[in-house]
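Geometric and topological summary
The residues making up each chain are set out below.
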Amino acid sequence: MPATDADTPARDAIDAFIRSLDDRGFAASTRRLRRRFLDEYLRHALRTAETPEMTVGELLDPARTDAWLADAGAGKTRVRNTLRGPEAAAYPNSMRVRVDSFNAFAEFTGLAERIDGQRPARGFHLTPGDTERLLHDLTVRRPIHSNALTSLRTAAVAGLVADTGRGVPELAHLKVSALHLDGDASVDLDGESFPITDATVQILTRWLAARKAIIAELEGSDPGHLWIPTKPGRPRGGDPAIKPGINRAAVRTLHAAHRTLVSQLLGTPLRPGALRTAHDLEG
C-alpha cells in the first residue's frame, strides 16, 4: 500500500509516486513523462484554486481533473511555443499520455477512479507543410542543450523517414553508398529506390559534410555507416572511449535524439513515423 493518504501534500504524493516507478524498474523516460504531466496537473489546479499548496485528496477531485484535461486539450497548459503556434490544440497522443499518467497516479494513491483513456492516435501525422518546417527548424534552430551535429543528423533521418515512408529501424543500417544525391536524387533501401526531395538532399548534404569531419579523426578507412555517433562513447572497462564513426549509431540512439529534439521544438513527443505524411500523400 502506498504511504500516502488524502491529507498528504500533493507534491509529496507525486514525488512518492515517481520514486515508486523507479523502484519498480520503469525507464527514466517514462518517469520523466509521468512527472511532467502530473506537475502540469498540479500547477493547473493550484492556479485555478489560487492557492500555493493543496493535498493530494484535493488535487484528485474529479472536477479539477476534468478542468485540467479540458484546458490541456485546448493547448492552454502549454508553457512554451510550438511549431503550430501557442494556441494550437494538444496532440492526441500527448493527451493519451496525460490520461495514462493520471490513471497510474490514481492507482498508486487509491484515492480516485481511473478515467477513460484515448488509444494512440492511429494515423496521426504532421501535414507535409508542418514536416517541412520541422526539418528546417532542426537544421537552423538548435534546441536548448542539444549538440549541433546531433540536430543535423536527426533532421537527416527525419527527412528520409518523410520521403521513404520507412521507420528508423529500417533506415538505421543504411550505408553512405545507398545515397544518390546528384540528378534525380534517391536512396536505395531493401532493393528499392526511393526519390528524395530537394529539402532532404540539402540536409543530407550538410550531414555528409559533418560526418566527413568526424570520420577524418579516425585512423584507417571509412566504415561507411551513414548514421554515426556525434561524440565519443563512454570509456568501458578501463579502455579509452571509442571514437565516433567506428560503429554505427544504435537505433535507440537515433530514436532518443528524435524524441528529445522534436519534443523541444513541438512541445510534445512525436514518433518519427508521424513524419510519413509527406510520402504517403505524394506517393
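Below is a short write-up of the structure. (Residues numbered from 1 in each chain as written. Predicted model: local features only at pLDDT ≥ 70, side-chain atom pairs only at ≥ 80, totals over all residues. Heavy atoms only, no water.)

All right, on to helix H4 (residues 62-73) then. Three- or four-residue spacings in an α-helix give side chains the same orientation, since the helix completes a turn every 3.6 residues. The terminal C-alpha atoms of H4, which comprises twelve residues, lie 16 Å apart, in line with the 16 Å expected from a rise of 1.5 Å per residue. Listed in full, the buried residues belonging to H4 are Thr65, Trp68, Leu69 and Ala72. For H4, the angular spread of the buried residues around the axis is 90°, confining them to a single face. Opposite its buried face, H4 presents the exposed residues Ala63 and Asp66, each directed more than 90 degrees away. Of the residues that open H4, the one with a side-chain oxygen 2.8 Å from the backbone nitrogen of Ala63 is Asp61. Of the residues one or two after H4, Gly75 is the one with positive phi, at around 80°. (Helix = DSSP H or I, 4+ residues; strand = E, 2+ residues; numbered from the N terminus. Expected span 1.5 Å × (residues − 1). Buried < 20%, exposed > 50% of the residue type's maximum accessible area, 1.4 Å probe, protein only. Arc of directions from axis to C-beta. Polar contact = N/O pair within 3.5 Å; in protein donor to acceptor, adjacent residues only side chain to side chain.)

Ranked by internal contacts, the top residues of the largest apolar core, which has 30 residues, are Leu160, Leu174, Val187, Ile196, Trp207 and Trp227. Of all the elements in the fold, those that place two or more residues in this core are helix H7 (148-164), helix H8 (168-171), strand S2 (186-189) and helix H9 (198-215). No other element matches the seven residues that H9 contributes to this core. The residues touching Leu174, leaving out its near neighbours within four places in the chain, are Leu160, Val187, Asp188, Leu189, Gly224, His225, Leu226 and Trp227. Counting 27 residues, the second largest nonpolar core, distinct from the first, contains Ile14, Ala16, Leu42 and Met54. (Core = buried A, V, L, I, M, F, W, Y, C linked by side-chain atoms within 4.5 Å. Contact = heavy atoms within 4.5 Å.)

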